[in-house]
Amino acid sequence: MISIKISILILFIILKQIETEDMTSFKMSIMNGWQFQCATTTCLPFSSVTISNVRQCQTKCLYYTQCKSINFQLSTSRCQLFSDTLDPSTDLQASTGVITMIVKDGTRIPS
């Protein structure tokens, strides 16, 4: 009987922990070999940091709700976060060793 009560208590604690976790997510378009390059100075990155991999760059973008796109430079591990939505037909330029990712509209949860 005590083991059942302990099991129920542990289950309740686990469910409560899951319920209170802050869950956020989004979907991104990923373009290898392209770099976000805007013609105006109003679309500079709001954050630029050195991190170890592209996954951490995506996580950094997930943390900031204003993040709409990122550049990750493979050679320098430089992660640039942008609050501007870019237009792939005009705002991208070919660049070796760069991965650009764009948050897909309507996929950020919570928005």
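Read on for a plain summary of the structure. The structure displayed is predicted, hence computed values, not measured ones.

1. Some points on the packing of aromatic side chains
So, point 1. With the rule as written, the count across this model stands at two aromatic pairs.
So, point 2. When the centroid spacing of 5.5 Å and the interplanar angle of 75° are considered together, the rings of Phe46 and Tyr64 count as edge-to-face. Note that Phe46 is positioned in the loop between strand S1 (28–36) and strand S2 (47–50) and Tyr64 in the loop between helix H2 (54–63) and strand S3 (69–73), a separation of 18 residues in sequence.
So, point 3. Since its relative accessible area comes to 31%, Phe46 is described here as partly exposed.
So, point 4. On the basis of relative accessibility, which here comes to 25%, the residue Tyr64 falls in the partly exposed class.
So, point 5. Taking the centre distance of 5.0 Å and the plane angle of 90° together, the rings of Tyr63 and Tyr64 count as edge-to-face.

2. A look at unusual backbone geometry
So, point 1. Phi is positive for Ser77, close to 55°, though the residue is something other than glycine.
So, point 2. Among the secondary structure elements, Ser77 is positioned in the loop between S3 and strand S4 (78–82).

Basis of the calculations
Residues numbered from 1 in each chain as written. Predicted model: local features only at pLDDT ≥ 70, side-chain atom pairs only at ≥ 80, totals over all residues. Heavy atoms only, no water. Phe/Tyr/Trp six-rings, centres within 6.5 Å; stacked < 30°, edge-to-face > 60°. Helix = DSSP H or I, 4+ residues; strand = E, 2+ residues; numbered from the N terminus. Buried < 20%, exposed > 50% of the residue type's maximum accessible area, 1.4 Å probe, protein only.

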